[in-house]
Amino acid sequence: MRILLLTHAFNSLTQRLFVALQQDKHEVTIEFDINDETAQEAIDLFQPDLIVAPYLKRAIPDSIWQNHTCLIVHPGIVGDRGPSSLDWAIINREKTWGVTVLQANAEMDAGDIWASIEFEMRDATKASIYRNEVTTVAVQAVQQAVKHFKDSEFKPTPLKQKLLSAKGKLRPLMAQNVRRINWQQDDTETVLRKIRCADGFPGVRDELFGREVLIYDAHIAKGLRGKAGEVIAKSGLAVCKATMDGAIWVGHVKDKAQEHPFKLPATLLFKAQCKDLYEVPSSEGYQEILYEENMGVGYIHFPFYNGAMSTQQCKDLLKAYKEATQRKTKVIVLMGGSDFWSNGIHLNMIEAAKSPADESWANINAMNDLSEAIIQTTSHMVISAMQGNAGAGGVFLARAADEVWAHEHVILNPHYKDMGNLFGSEYWTYLLPKYCGEAHAKRITQARLPMGVAEAKDLGLVDDVMVGEKGCMQARVREKARGLASSEGLKLFLRKKRKQRQQDEAAKPLAVYREEELRRMKKNFYGFDPSYHVARYNFVYKVCKSRTPLTLASHRNIRAMQTRRAA
């Protein structure tokens, strides 16, 4: 079946749907919802059987929904309507929530229901719930709706039939006055909930050091107290603000009045004001890197915000990794974070630097130092355990390990080219041919499309796919890692690993791969072609696309369309 994904952006949900529907053998293409004319043009070119809208910021035009079946993916339970569905669910402490697939009609979110699935809520940010629970059940609900669409006997349920019994209702856009924190009256749990329901968009308007800002990335500051509403400490990237009954860490801030009006670490935006603040060690405060050890296995967690890794974060992680290799363990597991494993270099920090070119160079070299340390480790078996998505250099950083394990719902974007045709580094020119083969290496780096872990395993990017509830993955990783640490074959594995590393180094030193990659990267950063700097600016400043890239809009690429239909 031909399915057109009409979407505002190629976000995490749209990517998962794109991969899942293709795996279901449907012909899928994507069109960004730029205006009525381009949407209609896409329909005329592709002639879809079905239009699915996973992420829109405006209503589908009458001329389209009146002539085509258009299914809207709404992140709310049956009866829920409005643009702030998850925000209200979090702030109202809903125990369960859901996703509803409904047909577009004249009233927003009020069409006939094609599928609806609920899930249990957890204490997490809106962005995390959207990437995980919402995305997972949204894919399931769309797959149900597609089956229903193919069934001529199926009749969707009018919303009016459900409204009397439905818990959901129409709610307005959540305004900042609802989110605003009353530091003298709101307890810590309420403060966290208000920030979490706005993370990562739009943030909560608040005041830090006398400046009005938007705050994100909040965590409980255990053991700290102070005068409610005052900044009382710092730790790593974060500042600590006291509540009426405790305190919270605020990791990231957006100050629209400043030179760089996008999300940045709080201590970077307020460097001068933080100079004399009481400093809490990261091991006791805002913790970005956590090491734990059990039964011969060392686990390194690094849940960096949005998966981005700055120069300093790479250096900190390298230090933690080197310390882990000195422990009397047999296996090291790189856990990343629950939402992201890694998305590579930190574009926001680069954009905010005095010289973005210099900071890009420092950042990629810090990533390379980390990759090299992993590749060169012969004392331990090293595992990359992907609980969350990975992109660009983060994918190749993971492949530097001996094995890569990934949850079945993880999406990988193993390419750089959409960021101004970056060549990329992290020793991918060594790692991909080694683990994937030359042909697959070219396919991986040239495709510019997301892939699921089933495809990634076929290509050699992933060694093991872990199925089941995502919350159970850590337990499964621990069980498997303990088994490897206690296995009789580990010594033989490490012996072979040392021998293979020596042979690879003799054939072509890692230093040569690095020099070749960085020579190309230097042209990206310092050359006459500004593509990378323009693409980075557009990404950081969230500049809307003026057209859908041909890599996504295959209906606009006649040759690609003919090839796909012939296959």
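An account of the accompanying structure is given in this report.

## Some remarks on the overall build of the chain
When helices and strands are counted, the chain shows 22 helices and 22 strands. Since a compact globule built from 567 residues should have a radius of gyration of about 24 Å, the 24 Å found for the chain is in line with a globular shape. Viewed in the frame of its principal axes, the chain has a C-alpha envelope of about 65 × 65 × 55 Å. Burial statistics for the chain: of 567 residues in total, 54% are counted as buried. Considering only intrachain contacts with a sequence separation of at least 6, the fraction spanning at least 24 residues in the chain is 70%. Accessible surface, the chain: about 25,900 Å² in total, of which carbon and sulfur atoms supply 50%. Taken as two groups, the 76 positive and 67 negative side-chain charges of the chain have centres that lie 3 Å from each other.

## Here's the deal with helix α11 (residues 311–325)
Along its 15 residues, α11 runs 21 Å from first to last C-alpha, staying within 8% of the 21 Å computed at 1.5 Å per residue. Among the residues of α11, Thr-311, Gln-313, Cys-314, Leu-317, Leu-318, Ala-320, Tyr-321, Ala-324 and Thr-325 are the ones counted as buried. Residues of α11 that are buried in the fold lie against β13 (290–294), β14 (297–301), β15 (331–336), α13 (356–376) and β17 (381–386).

## A short note on the pattern of salt bridges
Two side chains bearing opposite charge may form a pair once their charged atoms approach each other closely. Enumeration over the complete set of coordinates arrives at 31 salt bridges. The partner of Glu-455 in a salt bridge is Arg-443, and the shortest N-O contact between them spans 2.9 Å. Taken together, the residues Glu-455 in helix α17 (residues 453–459) and Arg-443 in helix α16 (residues 438–446) connect sequence positions twelve residues apart. You can call Glu-455 partly exposed: its relative accessible area is 28%. A relative accessible area of 44% means that Arg-443 is categorised as partly exposed. With a closest N to O distance of 2.6 Å, Asp-464 and Lys-480 form a salt bridge. Linking Asp-464 in strand β22 (residues 464–466) with Lys-480 in helix α18 (residues 473–485), this pair joins segments that are 16 residues apart in sequence. Lys-480 sits in the partly exposed class, given a relative accessible area of 31%. Via salt bridges that share partners, Arg-93, Asp-123, Glu-189 and Arg-193 belong to a single interconnected network.

## Section: the layout of surface pockets
If you add up the space inside the second largest pocket, you get close to 920 Å³. Contributing to the lining of the second largest pocket are 31 residues, with Asp-217, His-219, Gln-287, Pro-303 and Ser-338 lying nearest its centre. A per-class count over the lining of the second largest pocket returns eleven nonpolar, twelve polar and eight charged.

## Side note on the pairing of strand β1 (residues 2–7)
Within β1, five of the six residues are buried, leaving the element largely enclosed by the surrounding structure. Sheet topology places β1 next to strand β2 (residues 27–32); six bridges connect them, and they run parallel. In the strand pairing of β2, Leu-5 is matched with Ile-30. The β-α-β motif built from β1, the intervening helix α1 (residues 12–23) and the parallel element β2 has right-handed crossover chirality. Bridge analysis of β1 against strand β3 (residues 50–55) gives four bridges, and the strand direction is parallel. Each bridged residue has a counterpart across the sheet, and for Thr-7 the counterpart in β3 is Tyr-55.

## Focus on empty space enclosed by the protein
Within the structure shown, the criterion is met by one cavity of 30 Å³ or more. Taken as a whole, the largest cavity holds about 30 Å³ of empty space. Going through the elements one at a time, α11 and α13 are the ones with two or more residues in the lining of the largest cavity. The residue makeup of the lining of the largest cavity, split by class, is eight nonpolar, no polar and no charged.

Analysis parameters
- Residues numbered from 1 in each chain as written.
- Predicted model: local features only at pLDDT ≥ 70, side-chain atom pairs only at ≥ 80, totals over all residues.
- Heavy atoms only, no water.
- Helix = DSSP H or I, 4+ residues; strand = E, 2+ residues; numbered from the N terminus.
- Rg over C-alpha atoms; globule rule 2.2 N^0.38 Å.
- Buried < 20%, exposed > 50% of the residue type's maximum accessible area, 1.4 Å probe, protein only.
- Contact = heavy atoms within 4.5 Å.
- Areas by Shrake-Rupley, 256 points an atom, 1.4 Å probe, with all protein chains shown as cover.
- Lys, Arg positive; Asp, Glu negative; His and termini not counted.
- Charge placed at Lys NZ, Arg CZ, Asp CG, Glu CD.
- Expected span 1.5 Å × (residues − 1).
- Salt bridge = Lys/Arg side-chain N within 4 Å of Asp/Glu carboxyl O.
- 1 Å grid on protein atoms, 1.4 Å probe; cavity = no way out; pocket = protein on both sides within 12 Å on 5 of 7 lines; lining within 4 Å.
- Points joined across faces, edges and corners; volume = space filled by probe spheres on them.
- Nonpolar A, V, L, I, M, F, W, Y, C, P; charged D, E, K, R; others polar.
- Pairing = 2+ DSSP bridges.
- Right-handed = clockwise from strand over helix to strand, strands pointing away.

Purely geometric numbers; function is a separate question.
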